[in-house]
2 protein chains.
Amino acid sequence: MYVTGIGRTKFGMLNKSLHELLYDAIYKALHDSTMDIADIDIIIVANFLSGCTQSQLHLGSVVSSLLPGLNLPAYRIEAACASGGLAIYQALSMSEKFNNILVVGGERLNTIPNKDLTKNIAMAGDFLRDQQEGLIFPAQYAFVASQYFKKYGATHNDLALVTLKNYANASKNPLAHFNYKDISLDTINFSQMICSPLRLFDCCAISDGAAAIILSREKKTDRDIEIIGAGARTDVISLSNRKDFTTFASTKLAAKDAYNMAKIRPKDIDIAELHDCFSIAELVAMEDLDFCKIGEGISLIRASETTLSGSLPINTDGGLLGDGHPIGATGIAQIYEIVEQLRGESKYRQIHNAKLGLTHNVGGVGGTAVVLILEGPS
Amino acid sequence: MYVTGIGRTKFGMLNKSLHELLYDAIYKALHDSTMDIADIDIIIVANFLSGCTQSQLHLGSVVSSLLPGLNLPAYRIEAACASGGLAIYQALSMSEKFNNILVVGGERLNTIPNKDLTKNIAMAGDFLRDQQEGLIFPAQYAFVASQYFKKYGATHNDLALVTLKNYANASKNPLAHFNYKDISLDTINFSQMICSPLRLFDCCAISDGAAAIILSREKKTDRDIEIIGAGARTDVISLSNRKDFTTFASTKLAAKDAYNMAKIRPKDIDIAELHDCFSIAELVAMEDLDFCKIGEGISLIRASETTLSGSLPINTDGGLLGDGHPIGATGIAQIYEIVEQLRGESKYRQIHNAKLGLTHNVGGVGGTAVVLILEGPS
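A. Seen up close, the environment of Ile298 of chain B. All names here are of chain B. For Ile298, the location among the structural elements is in helix α11 (residues 297–302). For Ile298 and Ala154, which are 144 residues apart along the polypeptide, the C-alpha to C-alpha distance reads 6.8 Å. Setting aside its immediate chain neighbours within four residues, Ile298 contacts Tyr148, Tyr152, Ala154, Asp158 and Leu283.

In structure tokens form, the structure reads like this:
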């Protein structure tokens, strides 16, 4: 299908309700397209925590309330932090049945104390084993980083290079959560320890925000970008049931499906949005997506190959670290960025001559992964 | 698509985890089919409240953990009490992409105090207007009943006839939550007042349970039952934004879509499973589905036309009132019942010569409605 409209809000600590955020993103996606809301056949809403943070479930009907009189089919998809990506994967699977599908995702997190929020986010992990042991996500990804350091000789400075790059990219993105112009490697390397070896700047922040895209069976204008590959896979939810923490089977399998469907190879990808909920996750994803061999992600980051001027720019919008991670919106915002880049509308962070883009969205610590591949005009 | 396997647990207050319930239903659906788990291409999980009641979200990955090594695409759909029906609707929309789809839904509710549960279930209603006013669902459906009584001259005895029938049917269903043999009209009419005019027996109970079906593009055996019509529609979430409480636009529009797709008329339906979360909801649904004219549902129930020996048996398994309402499972259990009936495997409650069956699953107070139509062998 073709992405025929994109819209998003600014990400950050916003003083707007989830309703307003979703409405803003929908309105902007329609405005960006050549279509009217009456052309939409079905709506999919991606969200992770509105029950716990807004006391509001049944978001299909909530979105229907924002568009009174339409009575469209509408429902919510939840796959932890991969909710947005999964909603798009699922929309693509219905391409034979619907002409135009609106996918909107959003999250309003800054409504409850951080302590409660940490507990709520941990619901993406296994309750039986991990939550009750206090294994919140910074701790889970600290396991990943520790094992990666040991196996491949990486140090915290390699993680800091990921963060430095993503904050630099975010500073050129007016919609990003963080617009700092002058973060240094020292600031990152000596920031507060959260869970060794992960420090404050290795962890994405708590963001509010929403994003929406319209997917259409038929191309409407020359600005439309086709999604030519898609994969979504799962894995056992708990790290305790996995042998190797430094690779996610869900990502590898989803990528294989997406590359096969698109009939391309990993080296054909020009730009990518990876799920850097923690800095270490970007390195692991680069390897699982076959952008380099296992253990060689650190070489690419040290050689600046993934910066805006490198051979494979990654997270040009700032990623989850810099742009923000309003959970239900994240997978959709990744598509927003790639579409803008392939259209040539990214201004100060525009990558020239990019033709193939990839997005990678993860739930939990690899319990779910979605990979999508987009092709721009020749 | 064809329903090629069905499975469910007993409904009730069960001492089993959500994991066990989902596993049981999946196992039974596979056992009922001619297939192996390796034949399944994708899994959809329907659930409403596992975040609040089990501290467990990300159920796609949880189900993946029950089936280690498969790494299938799997994710959760939530549409309040219509989650199960919507998961099936969504699976049907992907029929071109996948050969065999497993849809499993379940709910474990009896883990937290009733007071908290009431508050959690209210999250299917509008937070901004209704939850904060204390408008929990018995109160919302009491509005529906009051207005219906006034408009059409119904009395509580008409509601009691609905409950009496559904409990009688449940007494012939060994998997039902309630198996009472001797409920009288007096017991129902003089049961505890919950929210006038609704009494205890007008309200479905809190049930645990799970149900699963396998949907296949191709017919495998003569026991397979085709789903020939489907509709899913939404409406504004709050009653305060509707003009008439005695009819649900979501049901009427979903039914129209389903009848058109199936190319049948309402009078062609032989048996139906309606969403009787409250007794009044069954009367409203009969009318919205065009089984009779508006206001004439009471005539049908008074004439016993919807009992097992009537012209249009409704809720032969006992419905939500008698069989139970383990929320995520409900829409799937409705299909379970119709498939068993059309196969001729319903034993003590078998309806003879039934060929066309309908299911109707509602979220909130008509914020979402799903209608599915099944055709048995000639």
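B. Region of the structure containing the relation of the copies chain B and chain A. With an RMSD of 0.0 Å, the fit of chain B onto chain A corresponds to turning through 180° and sliding 0.0 Å along the axis. The transformation just described matches what one would write down for a two-fold rotation axis. Looking at chain B, 100% of its interface residues are interface residues in chain A too, so the copies touch through the same face.

C. Focus on the interface of chain B and chain A. Each side of the interface is counted separately: chain B has 57 residues, and chain A has 57 residues. Between chain B and chain A, a total of about 4300 Å² is buried, with carbon and sulfur atoms accounting for 54% of that surface. The largest contributions to the chain B side of the interface with chain A come from His58, Asn71 and Thr234 of chain B, which together make up 16% of the buried area. At the junction of chain B with chain A, the criterion picks out four salt bridges. Of the charged contacts in the structure, one is a salt bridge between Arg76 of chain B and Glu78 of chain A, with a shortest N-O distance of 2.8 Å. The tally of links between chain B and chain A comes to 36 residue pairs in polar contact (both at pLDDT 80 or more).

D. Structural view of the state of the cysteines. Taken as a whole and judged by the stated rule, the model has zero disulfides over all chains. With no disulfide partner, Cys277 of chain A has as its closest neighbouring cysteine sulfur the one in Cys204 of chain A, 6.0 Å distant.

E. Main features of the packing of aromatic side chains. Residues and elements named next belong to chain A. Tallied over the full model, the rule gives 16 aromatic pairs over all chains. Relative to Phe278, the ring of Tyr141 lies with its centre 4.8 Å away and its plane at 25°, an arrangement referred to as stacked. With Tyr141 in helix α6 (residues 137–152) and Phe278 in the loop between β9 (271–273) and α10 (279–288), this pair connects stretches of sequence that are 137 residues apart. Cluster of aromatic residues (ring-pair linked, three or more members): Tyr167, Phe178, Tyr180 and Phe201. In this arrangement the basic side chain of Arg242 is found over the ring face of Phe248, its NZ or CZ atom lying 5.8 Å from the centre.

F. View of the pattern of salt bridges. Per the stated rule, a full pass over the model turns up 40 salt bridges over all chains. With its nearest N and O atoms 3.4 Å apart, the salt bridge here joins Asp235 of chain A to Arg242 of chain A. Linking Lys165 of chain B and Glu282 of chain B is a salt bridge whose minimum nitrogen-to-oxygen distance equals 2.8 Å. Of this pair, Lys165 of chain B sits in helix α7 (residues 156–170) while Glu282 of chain B is found in helix α10 (residues 279–288), placing the two residues 117 residues apart along the sequence. Glu282 of chain B carries the same exposure label as Lys165 of chain B, and that label is buried. Residues participating in the shared-partner salt-bridge network are Asp32, Arg223, Arg343 and Glu345 of chain A.

G. Local environment of unusual backbone geometry. Here the amide bond leading from Ser196 of chain A into Pro197 of chain A is cis, since omega sits at 5°, within 30 degrees of zero. Residue Asn315 of chain B is not a glycine yet carries a positive backbone phi of 55°. Relative to the assigned elements, Asn315 of chain B resides in the loop between α11 and α12 (319–322). With a relative accessible area of 0%, Asn315 of chain B lands in the buried category. Despite not being glycine, Asn353 of chain B shows a phi value in the positive range, around 65°. Take Asn353 of chain B: it is sitting in the loop between α13 (327–343) and β10 (356–363). Judged by relative accessible area, which is 78%, Asn353 of chain B ranks as exposed.

H. Broad picture of the side chain of Arg8 of chain A. Residue and element names in this part refer to chain A. Structurally, Arg8 can be placed in strand β1 (residues 2–8). Judged by its relative accessible area of 3%, Arg8 is buried. Reaching out from Arg8, the side chain makes a polar contact with the backbone oxygen of Leu175 at a distance of 3.0 Å. A polar contact of 2.8 Å, which involves the side chain of Arg8, links it to the side chain of Asp323. The residues contacting Arg8, other than those within four sequence positions of it, are Ala25, Lys28, Asn173, Leu175, Ala176, Ala210, Ala211, Asp323 and Tyr336.

Conventions we followed
- Residues numbered from 1 in each chain as written.
- Chains lettered and ligands numbered in written order.
- Predicted model: local features only at pLDDT ≥ 70, side-chain atom pairs only at ≥ 80, totals over all residues.
- Heavy atoms only, no water.
- Helix = DSSP H or I, 4+ residues; strand = E, 2+ residues; numbered from the N terminus.
- Contact = heavy atoms within 4.5 Å.
- Least-squares fit on C-alpha atoms with pLDDT ≥ 70 in both.
- Buried area = accessible area lost by both parts, 1.4 Å probe.
- Salt bridge = Lys/Arg side-chain N within 4 Å of Asp/Glu carboxyl O.
- Polar contact = N/O pair within 3.5 Å; in protein donor to acceptor, adjacent residues only side chain to side chain.
- Disulfide = S-S within 2.5 Å.
- Phe/Tyr/Trp six-rings, centres within 6.5 Å; stacked < 30°, edge-to-face > 60°.
- Lys NZ or Arg CZ within 6 Å of the ring centre and 35° of its normal.
- Buried < 20%, exposed > 50% of the residue type's maximum accessible area, 1.4 Å probe, protein only.

Nothing here speaks to function; it is geometry throughout.
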